Amino acid sequence: MIAQETAPDMVEEALPLPTVEMNGDDLFKLGMMYSTGQGGCPMDRVSAHMIFNLAAMKGSIEARVYRREMSAEMEREEIAEAQKAARRWIDAGVVQLAA
């Protein structure tokens, strides 16, 4: 999940990740990138679900819809992993929710 492996001789490019400055719409767009494997992101349902979860917490209605749709296609363990990852982003202060 949101990890990048490269060959030793390849230049490592950073994956797009959530930041403190991102609002719900920005996070939704990032989740879409992970759900479709576009914009330099690998196709990763767990990461997409996690980011949609963060976006939904920041008010994105679209993210709630996509998160629900993705959940229907995922195993319970994947959903639990995505939820734990979202909590880690929040606990680390990278994603700040409104009080």
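Anything mentioned here points back to the structure above.
As the structure is a computational prediction, the values presented were derived from the model and not from experiment.

*Asks:* Can you walk me through the packing of aromatic side chains in this structure?
*Replies:* Two descriptors summarise a pair of aromatic rings, namely the distance from one centre to the other and the angle between the planes of the rings. All told, the structure shown has three aromatic pairs when counted by the stated rule. When the centroid spacing of 5.3 Å and the interplanar angle of 65 degrees are considered together, the rings of Phe-28 and Tyr-66 count as edge-to-face. Of this pair, Phe-28 sits in helix H1 (residues 24-36) while Tyr-66 sits in helix H3 (residues 61-73), placing them 38 residues apart in sequence. With relative accessibility at 10%, the residue Phe-28 sits in the buried group. Classification of Tyr-66 as partly exposed rests on a relative accessible area of 33%.

*Asks:* Explanation requested: helix H2 (residues 45-57) in the structure shown.
*Replies:* When the terminal C-alpha atoms of H2 are compared, their 18 Å separation across 13 residues agrees well with the 18 Å that a helix rising 1.5 Å per residue should span. Most of H2 is tucked away, with eleven of its 13 residues classed as buried. Of all the positions in H2, only Val-46, Ser-47, Ala-48, His-49, Met-50, Ile-51, Phe-52, Asn-53, Leu-54, Ala-55 and Ala-56 are classed as buried. You can read the cap of H2 off the contacts: a side-chain oxygen lies 3.1 Å from the backbone nitrogen of Val-46, and it is on Asp-44. Gly-59 occupies a position one or two residues after H2 and carries a positive phi of about 100 degrees.

*Asks:* Would you mind going over the packing of H2 against helix H4 (residues 76-91) with me for this structure?
*Replies:* Angle between the axes and distance between the axes: these two values describe a pair of packed helices. Where H2 meets H4, the axes come as close as 8 Å, and the angle between the chain directions of the two elements is 50 degrees. The orientation of H2 relative to H4 falls into the category oblique. In this structure, H2 crosses over H4, and the sense of that crossing is right-handed. Only Glu-78, Ile-79, Glu-81, Ala-82, Gln-83, Ala-85, Ala-86, Trp-89 and Ile-90 of H4 make contact with H2, whose side of the interface consists of Arg-45, Val-46, His-49, Met-50, Asn-53, Leu-54 and Met-57. Its residues assigned to classes, the contact of H2 with H4 comprises ten nonpolar, three polar and three charged.

*Asks:* Sorry, what's going on with the pattern of salt bridges here?
*Replies:* Proximity of charged atoms lets side chains of opposite charge pair with each other. Applying the stated criterion to the full structure yields two salt bridges. Note that Arg-45 is salt-bridged to Glu-78, the shortest N-O span being 2.8 Å. A residue pair is termed long-range when its members are at least 10 positions apart, and Arg-45 in helix H2 and Glu-78 in helix H4 qualify at 33 residues. Among the salt bridges present, the one from Asp-91 reaches Arg-87, with a minimum N-O distance of 3.4 Å. With Asp-91 and Arg-87 both in helix H4 and four residues apart, the pair spans about one turn of that helix.

*Asks:* Would you take a moment to explain the packing of H1 against H2 for this structure?
*Replies:* Closest axis-to-axis distance for the H1/H2 pair is 8 Å, and the angle between their directions is 170 degrees. Between H1 and H2, the angle is such that the two are roughly antiparallel. Counted together, Gly-24, Leu-27, Phe-28, Leu-30, Gly-31, Met-32, Tyr-34 and Ser-35 of H1 and Ser-47, Ala-48, Ile-51, Phe-52, Leu-54 and Ala-55 of H2 form the full contact between these two elements. Taken together, the residues of the contact of H1 with H2 break down into ten nonpolar, four polar and no charged.

What counts, and at which threshold
Residues numbered from 1 in each chain as written. Predicted model: local features only at pLDDT ≥ 70, side-chain atom pairs only at ≥ 80, totals over all residues. Heavy atoms only, no water. Phe/Tyr/Trp six-rings, centres within 6.5 Å; stacked < 30°, edge-to-face > 60°. Helix = DSSP H or I, 4+ residues; strand = E, 2+ residues; numbered from the N terminus. Buried < 20%, exposed > 50% of the residue type's maximum accessible area, 1.4 Å probe, protein only. Expected span 1.5 Å × (residues − 1). Polar contact = N/O pair within 3.5 Å; in protein donor to acceptor, adjacent residues only side chain to side chain. Axes fitted to C-alpha atoms, helices over the stretch in contact; angles between N-to-C directions. Parallel < 35°, antiparallel > 145°, perpendicular 65-115°, else oblique. Left-handed = near helix turned anticlockwise from the far one by under 90°. Contact = heavy atoms within 4.5 Å. Nonpolar A, V, L, I, M, F, W, Y, C, P; charged D, E, K, R; others polar. Salt bridge = Lys/Arg side-chain N within 4 Å of Asp/Glu carboxyl O.

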